[in-house]
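Spelled out from the first residue to the last, the chains are:
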Amino acid sequence: MGMVPIGLDVGYGYTKAVSPERIVSFPSLVGVVGGDLFQLDGRSVSRIRFDGREYVCGEAALKHSILSVEVRNRDFVNSDIYRVLTLWALAELKVERASAVFGLPVGHYAQLKPQVLKYGGVCEFEVNGAPVRAVLEVLEVVPQPAGTVFDLLLNRLGEPTSEEFLDKSVGVIDVGYFTTDLIVLEDLEFVTSKSQGCDLGISVLLESIRCELEGAFKTSFALREVERVVRKGAVRIEGAEHPVELEGHLRDFAQGVLSFVRNAWGDPRKLDVVILTGGGAELLYGLLKEEIPHLRTVSSPVFSNARGFQKYAVRLLRRRERW
Amino acid sequence: MVKVISLKLNPEYEWDRVILKWLERIPPGERSAMIKYFLWRTITGESLEGSRSSSSGLGLEEKRDEVSERLSRKLDSLKF
């Protein structure tokens, strides 16, 4: 059986994975469980056993684990959590032989790439008690925002379909959960000096909203709860929906992102193309477009990097196997 | 193990459309997806080949080939 080209974007906030047939996404959370988990309707909670320990991942870690862990430091890729999230993504994609393109935050890219390249090999683990023997090959590791460029340039066969980025300067603003990453390509060459990352992600916006909510409702909120408030524009307390004003928080956050962009690039209007991507793109697009009129975004920006990694994986695999 | 798949085509119908419908019925699988994309691309003319066939004039086609090759070279030599 051949290798399946996949894209893996194990982010600090969410893990996104794409195969030719599936797209999966879950919070980058891993929880340790002990014993059976009681469910009223007899449903079982999916779990993964790796290296002698049993874990639940994503939303299940939030709901069912006493201790759920999310990691946002530069040792992330060396942690068991990163490995468990990667294996869980393979299990969710239902792929047992994968050739993957991984993404890394721009700020830690050079330092962490050699470690991710060593990630391949045979991985043995259990999903809900059933043994899984997966083969994972790391084809390439790229800075996360590059995925969006591949997503726009390549079709599902990994072939270029658009010539519009040739001879042009292209900037990508990738607003993620804990970081904002920028890259610039000039005539499709990566410009290192203008490609930077900083710890300014959606979590900063959520923190400021959390402070306001906690003051107003005299109770504490987890960051993941505030996420739901932002999605709905309202908070549910005592069985009733209370609208929450987000505009001011969003404007402050957009200004922060814009300052970072200007520090790294100067005036972004000097770039021929500027693309906004990542989990924060839909929230910020309108506000950033006021300052960067030629700003554009992509469809389902939260998945664009992982989609692009997958298309690039197809290209690399086809080149290697000459088909 | 070699698996053989066969398809009967009635020339009175639009063959391309029949093939596409047939492709849609192939159950999902790992490699079969890639084969499907290939056949789909050939029939629908998705990607650069598709836009090429709609253009007239040899000069324009050659120019497109050049641009496409340059783009491919750039992509394949991309370093981060």
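Everything that follows concerns the structure shown earlier in this document.
Residues numbered from 1 in each chain as written. Chains lettered and ligands numbered in written order. Predicted model: local features only at pLDDT ≥ 70, side-chain atom pairs only at ≥ 80, totals over all residues. Heavy atoms only, no water.

Okay, unusual backbone geometry next. Residue and element names in this part refer to chain A. Although it is not a glycine, Asp 51 sits at a positive phi angle of roughly 55°. Topologically, Asp 51 is positioned in the loop between strand 5 (48-50) and strand 6 (53-57). Although it is not a glycine, Asp 167 sits at a positive phi angle of roughly 60°. When you line up the elements, Asp 167 lands in the loop between helix 4 (146-153) and strand 11 (169-175). On the basis of relative accessibility, which here comes to 54%, the residue Asp 167 falls in the exposed class. (Helix = DSSP H or I, 4+ residues; strand = E, 2+ residues; numbered from the N terminus. Buried < 20%, exposed > 50% of the residue type's maximum accessible area, 1.4 Å probe, protein only.)

The next subject is helix 5 (residues 202-217) of chain A. All names here are of chain A. Here helix 5 is 16 residues long and its end C-alpha atoms lie 22 Å apart, about the 22 Å a rise of 1.5 Å per residue gives. Every buried residue of helix 5 is accounted for by Ile 202, Ser 203, Leu 205, Leu 206, Ile 209, Arg 210 and Leu 213. Buried positions in helix 5, seen along its axis, are confined to an arc of 145° and lie on one side of it. Those residues of helix 5 that are buried are in contact with strand 11, helix 6 (223-232), strand 15 (234-237), helix 7 (247-265) and helix 8 (281-291). Of the residues flanking the end of helix 5, it is Lys 218, one or two places downstream, whose phi is positive at about 50°. (Expected span 1.5 Å × (residues − 1). Arc of directions from axis to C-beta. Contact = heavy atoms within 4.5 Å.)

Residues and elements named next belong to chain A. Where strand 8 (residues 97-104) meets strand 10 (residues 130-143), eight bridges bridge the pair, whose relative direction is parallel. From the neighbouring strand, Gly 103 faces strand 10, where its bridge partner is Val 142. Where strand 9 (residues 121-127) and strand 10 come together, seven bridges link them in antiparallel fashion. Considered in strand 10, the bridge of Phe 125 is made with Val 132. Hairpin connection of strand 9 to strand 10: two residues between the antiparallel strands, including Asn 128 at a positive phi of 50°. (Pairing = 2+ DSSP bridges.)

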